[in-house]
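# Breakdown of the fold
What follows is each chain in one-letter form.
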Number of protein chains: 2
Amino acid sequence: MPAATDANVFTIGLLGAGNVGAQVARTLVEERELISARVGTPVKLIGVAVRDPETPRDWKIPGELLTTDAEALVDQADLVVELIGGMETAGSLIERALGRGAAVVTGNKALLASRGAELQAIAAETGAVLRYEAAVAGAIPILRPIEESLSGDRITKVMGIVNGTTNYILDQMDTTGAAFADALAEAQKLGYAEADPTADVEGHDAAAKAAILGTLAFHAPFTIDDVYCQGITEVTAEDIEAAAASGYVIKLLAIAEKRAEGAILRVHPTLLPRTHPLASVRGAFNAVFVVAENAGELMFYGQGAGGTPTSSAVMGDLVSVARRLRGPSAEAPAISSEVELPALPIEQAETQYYIDMEVADREGVIAEVARVLADHHVSIESMRQPGSVSVDGEVDTDNDAGAQVQIVTHRARERDLDDTVATLKGLGVVKSVNSVLRVEVEQ
Amino acid sequence: MPAATDANVFTIGLLGAGNVGAQVARTLVEERELISARVGTPVKLIGVAVRDPETPRDWKIPGELLTTDAEALVDQADLVVELIGGMETAGSLIERALGRGAAVVTGNKALLASRGAELQAIAAETGAVLRYEAAVAGAIPILRPIEESLSGDRITKVMGIVNGTTNYILDQMDTTGAAFADALAEAQKLGYAEADPTADVEGHDAAAKAAILGTLAFHAPFTIDDVYCQGITEVTAEDIEAAAASGYVIKLLAIAEKRAEGAILRVHPTLLPRTHPLASVRGAFNAVFVVAENAGELMFYGQGAGGTPTSSAVMGDLVSVARRLRGPSAEAPAISSEVELPALPIEQAETQYYIDMEVADREGVIAEVARVLADHHVSIESMRQPGSVSVDGEVDTDNDAGAQVQIVTHRARERDLDDTVATLKGLGVVKSVNSVLRVEVEQ
């Protein structure tokens, strides 16, 4: 583990190299220049503390970075990223880091939901920073928006799908009619549920997140013990079917709501109308719904788990903390020129297109139109002739007022599309091109 | 305009008192204690610059705060909130504030989309802070998540419904089959569109936002001149109908996408599959879809306009900037105890409930069940008997295996619900209570 020599360098010590940790290490090594540019000062990963350096990992960490001496690493780093998980070791290493004034970024929801206020107090004493965006809803920016963007508003309710495992299981039960046990087995087979699924299916994981969300939303310290918690193990296929028959879907929600007398924090299976924005959050995705007095209703949606998505949240905390501690300005360099990225003209855009036209109603027309597209390297994804029963070449109407043809292309260059349309307009069999619109299908 | 006397006080000068400005003034006056607590130092509104103090406003601003001397106000405030709009006056006042090192919070998208880099350069020179969350998508926290939460990731595409007027018009055309002109007239009547709707319907407003989003997402300075812009005035009822027939909806999107050679910024009517998360964003709501290399797909949804929602974004910038400049810690006090807000037990929760039970299949049973609920102050929103053709009192099956009854209650206290269920279980006609689940219907 090489020590940082240049006092100008902002040093990072990483604890843990599981699927999130390995991705964070990879980004810090492979994207070191980008990350340093974003911070405004050189950033360097000085060590990765692991239990066993020989364990195979998602990304092979350079041998000289690996260490088994986590404490020595904590004592050297400007910022410590804790991704070991668990309470004891993680807790004492975070205390040690904050105690000496080092910044800490963690995703440890269980620790925060039980000892968050205590750790924050240590940080306040030494002036250290503790951030943990990755602890709730993986890649979704939710803690920072609550703490900063909504800091001038009063949040009244937070309601989230914050556990991908249970959302996947309930979703499977809803779409296939499977029983809980079968859906769980399927989730385990696909790696969405752990061999011991207790923390997920009993709602403990969601309860930790409810405590964190409630704490930040209501500016009062709550722990997991304040959260009423009911898992999904007793939800039956019959419940799901009956709910569906009445227009509801069953989701495991983490809810924090403010009442005049206090806050109620609860995790339980919940019937939601199928029209509710949270109802359509499928599979392993997460979403958090926030209601504030002035802002009204907000929703944040994205991937709730997985090494790569979660590493994005960790890196966001790391860069923004480093920027504030060491960057040229306390605020983000809002309009910077990190890279030369010229604005390209629309002719270089590439997307799908919809073309609506009127063609002569006679044999061979479609073939002629298709030929023009092919000549310009524009391929057809789908074609529709509203007046026809088939798209096998000819329309079925036999008046001579012309026939309507609607085409959706595959991805094509705007320039090629422009040329295509110009050529189509000059074609004898094309009476008129009524509409050309762009189509975006990728989500 | 009383001058601030205490150097400890963080002073705010507000320029403009339109519908957003009046709401900001109101929050700063009525919620002064809350805002000061959130910042960690006393915050004081020292003046509101307006053209005509006599103009009636959404909230009556105290006379001693009103001034027509905007420059004098700018010269005294620690933070200037610019909500005048327009280019000339707003631009020179912001320059003046940043030039003397005062922080500036603004929602002026047109100004930022043309002179953003220049203003940011002035801020960098004096060490001033310039924030503008309210400039894009109203109440939705989108700029801060892009700048900070995603600062350790690579954004590849941003795609947003960022103009409520056009979204309302297209939505009306889609649901009612109206022509553009009629939908616009309706929007004007309801106050969703201005008397001169050009900036909205021609896409200029969305183009300014595309420039801002692209600049922050790609760390390269773009202006509105870099944005290809096509409005919705030529979208016909036939286009919408044909799109619908093929499973698409037409939305005006602001798109910023990164290509190897550069960035393409474009605003145009776009066909989206009805299954796309942006497709179901209705009426005056906004939503921004972000794709990043590690985070994957994210979506941010909420109210895009209106004085009160937009004021939430302005206040969020104000509080977080003030906190960083003057608060006890550079970071947000993540777990603070601003108010005494005890965690309440689940018995005090209030929500709707779903009860599924098996009852004896004979006359009078429903009346008996309904009586138990009424006795416990739990009222019935809907009742369903799956084996029945009606809910008028009795089930139609005539076996004696019992009949199923499903009830959704109105909002009730958990304690009352518990008592209700206990009583139902003791009722002779109730064979079993199979499920009791909570229901959340409010969005």
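The paragraphs below set out a description of the structure included in this document. Please read all numbers here as calculations on a predicted model, not as lab measurements.

## Structural notes on the sheet that holds strand 6 (residues 130-131) of chain B
By way of backbone hydrogen bonds, the strands of a sheet pair with one another, either parallel or antiparallel. Residues and elements named next belong to chain B. Strand order in this open sheet of 6 strands is 3-2-1-4-5-6, and the pairing throughout is parallel. The open sheet is flanked by strand 3 (66-67) and strand 6, the only strands paired with a single partner. In this sheet, strand 6 lies alongside strand 5 (residues 103-106) in parallel orientation, the contact comprising 2 bridges. Of the residues in strand 6, the one forming a bridge with Val105 is Arg131. Along the sheet face, helix 4 (residues 88-99) touches strand 1 (10-15), strand 4 (79-82), strand 5 and strand 6 and points at about 150 degrees away from the line of strand 5.

## Observations regarding the side chain of Asn108 of chain B
All names here are of chain B. Within the secondary structure, Asn108 is located in the loop between strand 5 and helix 5 (109-126). Separated by 2.9 Å, the side chain of Asn108 and the backbone oxygen of Gly86 make a polar contact. Not counting residues up to four positions away in its chain, the partners in contact with Asn108 are Glu82, Gly85, Gly86, Ala90 and Ala135.

## Description of the sheet that holds strand 2 (residues 43-49) of chain A
Residue and element names in this part refer to chain A. Taken together, the 6 strands give an open sheet; going across it, the order is 3-2-1-4-5-6, and neighbouring strands pair in parallel fashion. Whereas interior strands pair on both sides, the edge strands pair on one side only; in this sheet they are strand 3 (66-67) and strand 6 (130-131). Sheet strands in contact with helix 4 (residues 88-99) are strand 1 (10-15), strand 4 (79-82), strand 5 (103-106) and strand 6, and its direction is about 150 degrees off that of strand 5.

## Describing the relation of the copies chain B and chain A
A rotation about some axis, followed by a shift along it, carries one copy of the chain onto the other. Least-squares fitting of chain B to chain A yields an RMSD of 0.0 Å, with the transformation described by 0.0 Å of translation along the axis and a rotation of 180 degrees. In symmetry terms, the pair is related by a two-fold rotation axis. Of the C-alpha atoms belonging to chain B, the one lying closest to the rotation axis is found on Phe300 of chain B, 2.4 Å away. Taken as a fraction of all interface residues of chain B, those also at the interface in chain A reach 100%, which identifies the copy contact as same-surface.

## As for the interface of chain B and chain A
Listed by partner, the interface residues are 120 residues for chain B and 120 residues for chain A. Between chain B and chain A, roughly 10,400 Å² of surface is buried when both sides are summed, and carbon and sulfur atoms account for 54% of that area. Taken together, the links from chain B to chain A amount to 12 salt bridges. A salt bridge links Arg266 of chain B to Glu440 of chain A; the nearest nitrogen and oxygen atoms lie 2.8 Å apart. The tally of links between chain B and chain A comes to 40 residue pairs in polar contact (both at pLDDT 80 or more). Classifying every residue of the side of chain B that touches chain A by side-chain character gives 58 nonpolar, 32 polar and 30 charged. With 2 bridges joining them, strand 10 (residues 262-273) of chain A and strand 17 (residues 430-439) of chain B adopt parallel strand pairing. Bridge pairing in strand 17 of chain B links Thr270 of chain A to Arg438 of chain B.

What counts, and at which threshold
Residues numbered from 1 in each chain as written. Chains lettered and ligands numbered in written order. Predicted model: local features only at pLDDT ≥ 70, side-chain atom pairs only at ≥ 80, totals over all residues. Heavy atoms only, no water. Pairing = 2+ DSSP bridges. Helix = DSSP H or I, 4+ residues; strand = E, 2+ residues; numbered from the N terminus. Contact = heavy atoms within 4.5 Å. Axes fitted to C-alpha atoms, helices over the stretch in contact; angles between N-to-C directions. Polar contact = N/O pair within 3.5 Å; in protein donor to acceptor, adjacent residues only side chain to side chain. Least-squares fit on C-alpha atoms with pLDDT ≥ 70 in both. Buried area = accessible area lost by both parts, 1.4 Å probe. Salt bridge = Lys/Arg side-chain N within 4 Å of Asp/Glu carboxyl O. Nonpolar A, V, L, I, M, F, W, Y, C, P; charged D, E, K, R; others polar.

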